[in-house]
Amino acid sequence: MRKLLVQHADILTPDAEERILRDANIAIDGGKIVAIGETPHEFAADEIIDAKNHVALPGFFNAHTHAAMTLLRGSAEDLPLDRWFNEGIWRTESAVREDDVYWGTALAACEMIRSGTVGMADHYFWMHQSARVVQEAGMKALLGWCVFGSDFAAEMGPTTLALTSDFVAEFQNSAGGRIKTILAPHSPYISTTRALADAADVARKLSVGCHIHVSESQGQVDNSFKQFGKSPVAYLNDLGIFDNPSIAAHAIYVNDEDIEILREKKVSVVACPKTHFKLAMRTTRIVDLMRAGVHVALGTDGAASNNTLDMLEVARLAALAQKHDTGDATVLSSMQTLKLATRHGARAMGFANSGVLQVGADADLILIDMDKPHLAPRHNLAANIVHSAQGSDVNYVIVDGQVLLRKGELTTLDQEKIMRHVEKRGLEIVRGALTQTQRYSVQETRQGA
Ligand SMILES: [Zn+2]
């Protein structure tokens, strides 16, 4: 196993002590951090990275995304949520094929690594293709194969709950532990009660959680009360969806009872502020949820609603949205925001030994080049990163001790080839989409019991 030495970095670890070490070293062996600060005398590195003028921090964990949707980036613009689904995504997705998922996810991996993301919670279809990309790219991932489980039209490709549970069993802890798996029923507003109850049952048997979209609009909540006499969160909880540690994407419209369920069931709520702004939704009440003891992480969502997969941009928007919405400029400090984007994301995705820079932790870290006009002077490193840095300032990305980005160059992926392929197929997909895979309407009565 290669030994790696990062020298002369300013180390920022947004842990409980909010520690910053100046001009310090990080020694990495066997994929783990073995020393921070001084290098042990006997440590003989195979590679030395000179990190002068760089800040080292834990890599970002993108806790809710649909990676292959890079194929549809920019194809459904300036639309509200219902029209974005019906006129945009669920039309174009009818032309997406298995092979496309590999290429779309590969493009996502290029973009994510370049902007400092080391792990993603990917929720899409044909997920063995996503697993292939994760294996090749060297990233970490929590993969969930989405099941619509609705009465309308067809699933994407051959998807069934049985197939997705086979995927969970086959890929759990694969790629040397870099891949974890989860079930991924789409949402309470698309999936039938029967489909959700079945997913909860299988999740319990496989000892995994569920990654699901929840409470994105007032209409979804109103309809849930009308149909089931309870909120979407209470409805999912009663069906057993949250019985194992799960991810609730968005959870924008939640009441006090919902918040108590999310806290008690240790559900990770993932806020995706750029999607919320762009689709003119409200945004996840991160501060209120955290004050109530709910675990919160951040995600980009897919590139068809966010347009980028840049966690720095998401972190900045999360902090700004909370300051703006609460009318309190003191909430979500830069250090707290970095913690959401790193350690909280890692925990939401089941990578408990990551998201922190300390001896014994997984060596999942990034180096940001601070020798840039927009990052000077360095009064407050965390503020410089959250409110001034750009994804392209990330110069090195290391996962389990493997260098995935070196001096701004990808080491594991052929970006040029991937971009060429996606450019061609992305245009073909949007042109070739003739049918609709799903239909969004919160007014409809679903069947199933
Ligand atoms: Zn989503």
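Bear in mind that the values here come from a model prediction, so they are computed numbers and not experimental data.

## As for empty space enclosed by the protein
Applying the stated criterion to the full structure yields two cavities of 30 Å³ or more. Around the largest cavity, the lining comprises 24 residues; the ones closest to its centre are His66, Trp84, Phe85, His186 and His213. At the level of secondary structure, the elements contributing two or more residues to the lining of the largest cavity comprise helix H1 (81-92) and strand S7 (117-124). The biggest single contributor to the lining of the largest cavity is H1, with five residues.

## Looking at the environment of Thr164
On the secondary structure map, Thr164 appears in helix H4 (residues 161-171). Taking the C-alpha atoms as reference points, Thr164 and Val147, separated by 17 residues in sequence, lie 7.9 Å from one another. Not counting the four nearest positions on each side in its chain, Thr164 is found in contact with Trp145, Val147, Thr159 and Leu183. At 2.9 Å, the side chain of Thr164 and the backbone oxygen of Leu161 are in polar contact.

## Section: the packing of aromatic side chains
In this description, an aromatic ring pair is defined by two values, namely the gap between the centres and the angle between the planes. For the structure on display, the rule yields 11 aromatic pairs. Pairing Phe85 with Trp90 gives two aromatic rings, centres 4.0 Å apart and planes at 10 degrees, and the pair type is stacked. Accessibility classification places Phe85 together with Trp90 in one group, the buried group. With a centroid separation of 4.0 Å and 10 degrees between ring planes, the pair formed by Phe228 and Tyr235 is classed as stacked. For Phe228, a relative accessible area of 26% gives the class partly exposed. In this structure, Arg132 packs its charged tip against the face of Tyr102, placed 3.8 Å from the ring centre.

Basis of the calculations
Residues numbered from 1 in each chain as written. Predicted model: local features only at pLDDT ≥ 70, side-chain atom pairs only at ≥ 80, totals over all residues. Heavy atoms only, no water. 1 Å grid on protein atoms, 1.4 Å probe; cavity = no way out; pocket = protein on both sides within 12 Å on 5 of 7 lines; lining within 4 Å. Points joined across faces, edges and corners; volume = space filled by probe spheres on them. Helix = DSSP H or I, 4+ residues; strand = E, 2+ residues; numbered from the N terminus. Contact = heavy atoms within 4.5 Å. Polar contact = N/O pair within 3.5 Å; in protein donor to acceptor, adjacent residues only side chain to side chain. Phe/Tyr/Trp six-rings, centres within 6.5 Å; stacked < 30°, edge-to-face > 60°. Buried < 20%, exposed > 50% of the residue type's maximum accessible area, 1.4 Å probe, protein only. Lys NZ or Arg CZ within 6 Å of the ring centre and 35° of its normal.

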